Every structure is written in C-alpha cells, then in structure tokens.
Amino acid sequence: MPTPFRTSITAAALLLSVSSVASAQRNPRVGGAAMYPTRTIVENAVNSKDHTTLVAAVTAAGLVPTLSGPGPFTVFAPTNAAFAKLPAGTVETLVKPENKGTLTTVLTYHVVPGTMTSKDIAKAIKAGRGTARLTTVQGGTLTGTMMGKRLMLRDAKGGTSMVTIADVRQSNGVIHVVDTVLMP
C-alpha cells in the first residue's frame, strides 16, 4: 500500500513530466534551438542552425524590420537543406544587392498574412474539398493539400514542399518549417 509521502512524490513526478511535455510543446526545438512564443519570427529564426540561409536572405532583402514587426504572419520557413536543392549559385545570385527585388518576391511568397495554424489550414483544405488556396504577401497563391496527415504546399511553378515542423508559435505569428523553397 503506498504511503502518503510516496504518493506525493509520484504525483509530483507525474506533474513535472506533464509540465515538461507542455513546455516542450510550447517551445519546440528547431535547428537545435528552442523557439519561444514570446519572441518574434526573426528573434527565433536567428537561433536555428537550420535556417541560417533564410536569415541571411531575409537580411539581404531588408525584411528584418517587417518580420520583427507586429504581424501577424504565417511563414513557411525553408531550411538550409531546402535552399541547397536550388540550382548551384541561385542563393548567391539572389542575395546580391542588384537582385533584392527578386529575392524579396521569393521570400514574401513564403508569407501569408495572419496566423494560420496547421489546424486552420487543414480546416481550409477540408472546406475546399481537398485543397486550400493561400494568398501570400507577395500576391501569389500557394495551394495546400494533405498527404496523409502531412501538409503539402504546391507553388505557382508546380513544385511541392512538405511541412516538416508545424505550428512553431511566435509573438507575431506562426512558422511552419518546409523542406523545399517555394517559387512564385
């Protein structure tokens, strides 16, 4: 028969375990770094080792003030590996000052105004009978569909990208990590 002391320890351990899981869900790790919902998209992204190319591109495009602002924004954030899938030299060319307009077009194609969680997008896909059309800040459209339980995005060129980490909450929106750069 458990003693009151032993029961208290077990209850405390269970509470701590549940608290740790809840904390991990609130602050998922992306690129080895905890993402905090009290920080902006930029404040969190700079800590992700998987998003150094994206951060460099956002900086080169002059979008840091915007993505540090109040938003809210939904950002489909390509990883370094996603940028590496582009033809050789593409990133180096895009970040040149003379290509700032093109870079801005590509980056803002990854941003949807407002906060759309994966549940919001799934609901829009269901309401759209299998597809959801998301209008980006750039003015183009991303098409969302479900591949089993995973969210897939199709870009204007017909390319696809899978959401690998969903619902990374920020103080000014939400990030969904994607495995391929989307092209307008």
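Residues numbered from 1 in each chain as written. Predicted model: local features only at pLDDT ≥ 70, side-chain atom pairs only at ≥ 80, totals over all residues. Heavy atoms only, no water.

Asker: Tell me about the overall build of the protein, residues and numbers included.
Answerer: Looking only at helices and strands, the protein features 8 helices and 9 strands. Buried residues in the protein amount to 39% of all 184 residues. Once local pairs closer than 6 in sequence are excluded, the contacts in the protein between residues at least 24 apart make up 59%. Of the roughly 10,000 Å² of accessible surface on the protein, a fraction of 61% belongs to carbon and sulfur atoms. (Helix = DSSP H or I, 4+ residues; strand = E, 2+ residues; numbered from the N terminus. Buried < 20%, exposed > 50% of the residue type's maximum accessible area, 1.4 Å probe, protein only. Contact = heavy atoms within 4.5 Å. Areas by Shrake-Rupley, 256 points an atom, 1.4 Å probe, with all protein chains shown as cover.)

Asker: Which residues make up the pairing of strand β3 (residues 73-78), and what values do they have?
Answerer: Across the 6 residues that make up β3, a large majority, 6, are buried. Burial along β3 is two-sided: the residues F73, V75 and A77 and T74, F76 and P78 are all buried.

Asker: Residues and numbers for the sheet that holds strand β4 (residues 111-113), please.
Answerer: Sheet strands pair via backbone hydrogen bonds, and the direction of the pair is either parallel or antiparallel. Ordered by their spatial adjacency, 7 strands build an open sheet running β4-β3-β9-β8-β7-β6-β5, and the pairing between neighbours is mixed. Edge positions in the open sheet fall to β4 and β5 (132-135), since each of these has one partner strand only. Strand-to-strand, the axes of this sheet are offset by a mean angle of 30 degrees, without reference to chain direction. As judged from the 3 bridges shared by β3 and β4, these two strands associate in the antiparallel manner. Pairing of T74 across the sheet is with V112, part of β4. (Pairing = 2+ DSSP bridges. Axes fitted to C-alpha atoms, helices over the stretch in contact; angles between N-to-C directions.)

Asker: Which residues make up the pairing of β5, and what values go with them?
Answerer: Residues of β5 alternate between two faces, with A132 and L134 buried on one and R133 and T135 left unburied on the opposite face. With 4 bridges connecting them, β5 and strand β6 (residues 141-147) associate as antiparallel partners. Pairing of R133 across the sheet is with T143, part of β6. The loop that links β5 with its antiparallel partner β6 comprises 5 residues; one of these, G139, has a positive phi angle of about 105 degrees.

Asker: So, helix α3 (residues 52-60): which residues are in play, and what are the values?
Answerer: Those residues of α3 not exposed but buried are L54, A57 and V58. Taken around the axis of α3, the buried residues stretch over an arc of 100 degrees, which confines them to a single face. (Arc of directions from axis to C-beta.)

Asker: So, the layout of surface pockets: which residues are in play, and what are the values?
Answerer: Within this model, the largest pocket holds a volume of roughly 240 Å³. What lines the largest pocket is a set of 22 residues, and nearest its centre among them are I41, A45, L54, V58 and L67. Residue assignment for the lining of the largest pocket shows that the elements contributing at least two residues are α2 (41-45), α3, α4 (64-68), β3 and β9 (173-178). When residues in the lining of the largest pocket are grouped by element, the largest group, 4 residues, is from α3. Forming the boundary of the second largest pocket are S118, A122, M146, K149, R150, L151, V163, T164, I165 and A166. Those elements that provide at least two residues to the lining of the second largest pocket are α8 (118-127), β7 (150-154) and β8 (160-170). Broken down by element, the lining of the second largest pocket gets its largest block of residues, 4 residues, from β8. (1 Å grid on protein atoms, 1.4 Å probe; cavity = no way out; pocket = protein on both sides within 12 Å on 5 of 7 lines; lining within 4 Å. Points joined across faces, edges and corners; volume = space filled by probe spheres on them.)

Asker: Could you give an account of the environment of T53, naming the residues involved and the relevant values?
Answerer: If you trace the backbone, T53 turns up in helix α3. Along the primary structure T53 and P78 are separated by 25 residues, whereas in three dimensions their C-alpha atoms are 8.7 Å apart. Not counting residues within four places of it along the chain, the set of residues in contact with T53 comprises N80, F83 and V91.

Asker: Explain the side chain of N44 to me, and be specific about the residues and the numbers.
Answerer: Counting through the fold element by element, N44 comes out in helix α2. On the basis of relative accessible area, N44 is assigned to the buried category, the value being 0%. Apart from residues lying up to four places away in sequence, N44 is in contact with A34, M35, Y36, R39, R169 and Q170.

Asker: How would you explain the side chain of T145 if you had to name every residue and give the values?
Answerer: Mapped onto the elements of the fold, T145 is located in strand β6. If sequence neighbours within four positions are ignored, T145 has contacts with I125, G130, T131, R150, L151 and M152.

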